[in-house]
Amino acid sequence: MTRILPLLTGAAVLSAALLSTGAQARTLKEIKASGTIKIGTNAEFKPFTYFEGKTMKGFEYDLGNAIAKQMGVKAEWINQPFDGLLIGLNQNRFDLVISSHGITPERAKAVDFSLPHYCSGGLIVSRPGGPKTAADLKGKTVATQVGTTYVDQIKKVTGEKNLRVYPNNANALQALMSGRVDAMVNEKFYGLEALKLNGKKLQQGEMMFQEKLAMAVAKGNSTLLSAVNQNLKTVQANGTYAKISKSYFGQDVRCK
Ligand code: ARG
């Protein structure tokens, strides 16, 4: 698996798959008429979207529902592997993706991003005695999830050879816990959650980079994009956003 998956992260493969679309995205009017907005996410990313039993929860889950409510529609959440989300969006399998996508020029060629709904970055996590800084990662094996912005950041430091990509974050974390890799780079709050759950078995390293995280609509779906942006601004102005953010992170994570 670790030998096949790096191929899927290649930018050329990604953009080819992303751009091959014939499906017509639903306009805001069509979504409103149907009464439901379909939102794609990868719900194994606590505290952003995740399952507790059969119930989806999380910061992005609550935020997406708040935005849908502003739009006067119900949110229908669709759980998918992370690396298929933007492809699924362009195949019209959902109207909106909310799954902590960093805004990158590569992705912005294929989809349209909303205003950032939070700011964060990549955090290094290791076992006690393991690497804590980007410089420490040199020559060490590092785990992360396939298709993420962390892949490129890790490659820059360790080279392709020492990168280990996993389909899920849980697999990457498991690889770290069991000693199959030296470190994991992941979203800061996912890393902090792993640290909270695993006590002294893990240690916190430094932030490797910062990014702006945004929601995505199909390329050119301008009516939906402006409604999403407008409603994000509304929930950020009326206290809803701050309340949701504080309940998951103890702080307001909007971009300053
Ligand atoms: N922020 C990273 C990226 O943009 C990772 C996001 C992973 N999200 C998830 N729901 N698993 O690629």
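What counts and how
- Sequence order sets the numbering: in each chain, residues are counted from 1 along the sequence as written.
- Owing to the predicted nature of the model, reporting of local features is limited to residues with pLDDT of at least 70; listing and counting of side-chain atom pairs is limited to 80 or more, with chain, interface and lining totals taken over all residues.
- Values shown for side chains rest on all heavy atoms present in the structure; no hydrogens or waters enter the calculation.
- Runs of H or I in DSSP of at least four residues are treated as helices and runs of E of at least two as strands, each being numbered from the N terminus.
- The definition of a polar contact used here is a pair of N or O atoms within 3.5 Å, where within protein one atom must be able to donate a hydrogen and the other to accept one, and adjacent residues in sequence count solely through side-chain atom pairs.
- Simply put, an axis is a line fit to the C-alpha atoms, just over the touching stretch for a helix, and the angle between two N-to-C directions goes from 0 to 180 degrees.
- Should an angle fall under 35 degrees it is taken as roughly parallel, and over 145 as roughly antiparallel, whereas 65 to 115 is taken as roughly perpendicular and any remaining angle as oblique.
- Two helices cross in a left-handed way if the nearer one is turned anticlockwise from the farther one by less than a right angle. They cross in a right-handed way if the turn is clockwise.
- Here, residues are in contact when the closest pair of their heavy atoms is within 4.5 Å.
- Think of it in three bands: residues with accessible area under 20% of the maximum for their type are buried, residues over 50% are exposed, and the middle band is partly exposed, with areas taken using a 1.4 Å probe on protein chains only.
- Side-chain rings of Phe, Tyr and Trp (the six-membered ring for Trp) are treated as a pair once their centres are within 6.5 Å; stacked means planes under 30 degrees apart, edge-to-face means over 60, and tilted covers the remaining angles.
- Here a residue counts as near a molecule or strand whenever at least one of its heavy atoms sits within 4 Å of it.
- Reported accessibility uses the Shrake-Rupley method at a 1.4 Å probe radius. Residues are deemed covered only where the shown protein chains occlude them.
- Pairing between two strands requires that DSSP report at least two bridges joining them.

- In the nomenclature of an unreviewed UniProt entry, the protein chain corresponds to Amino acid ABC transporter substrate-binding protein from the organism Deinococcus seoulensis.

## Examining the side chain of Asn198
Part 1 of the argument: Counting through the fold element by element, Asn198 comes out in helix H9 (residues 188–198).
Part 2 of the argument: Here Ala194 takes part through its backbone oxygen, which lies 2.9 Å from a polar atom of the side chain of Asn198.

## A word on the packing of helix H4 (residues 59–71) against helix H11 (residues 240–249)
Part 1 of the argument: Packing of H4 against H11 brings their axes to within 9 Å, and their N-to-C directions diverge by 165°. Between H4 and H11, the angle is such that the two are roughly antiparallel. Judged by the sense of rotation from one axis to the other, the crossing of H4 with H11 is right-handed. Residues Phe59, Asp62, Leu63 and Ala66 of H4 pack against Thr240, Tyr241, Ile244, Ser245, Tyr248 and Phe249 of H11.

## Description of the side chain of Gln145
Part 1 of the argument: By secondary structure assignment, the location of Gln145 is in strand S8 (residues 142–145).
Part 2 of the argument: The buried category is assigned to Gln145, whose relative accessible area is 3%.
Part 3 of the argument: A polar contact of 3.5 Å, which involves the side chain of Gln145, links it to the side chain of Glu44.
Part 4 of the argument: Polar side-chain contacts of Gln145 include one of 3.1 Å to the side chain of Asn169.
Part 5 of the argument: When neighbours within four sequence positions are excluded, Gln145 is seen to be in contact with Asn42, Glu44, Phe82, Val151, Tyr166, Pro167, Asn168 and Asn169.

## Here we look at the packing of aromatic side chains
Part 1 of the argument: Enumeration over the complete set of coordinates arrives at 12 aromatic pairs.
Part 2 of the argument: With 5.5 Å between their ring centres and 20° between their planes, Phe45 and Tyr190 make a pair best called stacked. Linking Phe45 in strand S2 (residues 44–45) with Tyr190 in helix H9, this pair joins segments that are 145 residues apart in sequence.
Part 3 of the argument: Given the relative accessible area of 7%, Phe45 is considered buried.
Part 4 of the argument: We classify Tyr190 as buried; its relative accessible area is 9%.
Part 5 of the argument: Seen from their ring centres, Phe59 and Phe249 are 5.0 Å apart, and the 65° between their planes marks the pair as edge-to-face. A residue pair is termed long-range when its members are at least 10 positions apart, and Phe59 in helix H4 and Phe249 in helix H11 qualify at 190 residues.
Part 6 of the argument: A relative accessible area of 0% places Phe59 in the buried class.

## Some thoughts on the site of the ligand
Part 1 of the argument: As a matter of local geometry, the ligand sits amid 15 residues, with Ser100, Gly102, Arg107, Thr149 and Glu211 nearest to it.
Part 2 of the argument: Within the side chain of Asn42, an N or O atom sits 3.0 Å from a nitrogen atom of the ligand.
Part 3 of the argument: Interatomic distance of 2.8 Å between a side-chain N/O atom of Arg107 and an oxygen atom of the ligand.
Part 4 of the argument: Expressed as a share of its isolated accessible area of 350 Å², the protein-covered part of the ligand is 100%.
Part 5 of the argument: Of all the secondary structure elements, the ones that give two or more residues to the shell around the ligand are strand S6 (96–102), helix H7 (149–158) and strand S11 (203–218).
Part 6 of the argument: The element best represented in the shell around the ligand is S6, accounting for 4 residues.

## What to know about the environment of Met71
Part 1 of the argument: Relative to the helices and strands, Met71 resides in helix H4.
Part 2 of the argument: Met71 gets classed as buried once you look at its relative accessible area, which sits at 5%.
Part 3 of the argument: Taking C-alpha positions, Met71 is 9.6 Å from Gly35, a pair spaced 36 residues apart along the chain.
Part 4 of the argument: Leaving out residues up to four positions away in the same chain, Met71 has contacts with Leu28, Lys32, Ile37, Leu224 and Asn231.

## Digging into the pairing of strand S10 (residues 183–187)
One face of the sheet, then the other: side chains in a regular strand alternate in exactly this way.
Part 1 of the argument: Extensive coverage of S10 is indicated by the burial of 5 of its 5 residues.
Part 2 of the argument: Pairing of strand S7 (residues 111–126) with S10, which is carried by 5 bridges, proceeds in the antiparallel orientation. Its bridge partner being in S10, Ile124 is matched across the sheet by Val185.
Part 3 of the argument: Two elements, S8 and S10, share 2 bridges in a ladder whose sense is parallel. Bridge pairing in S10 places Val142 opposite Ala183.

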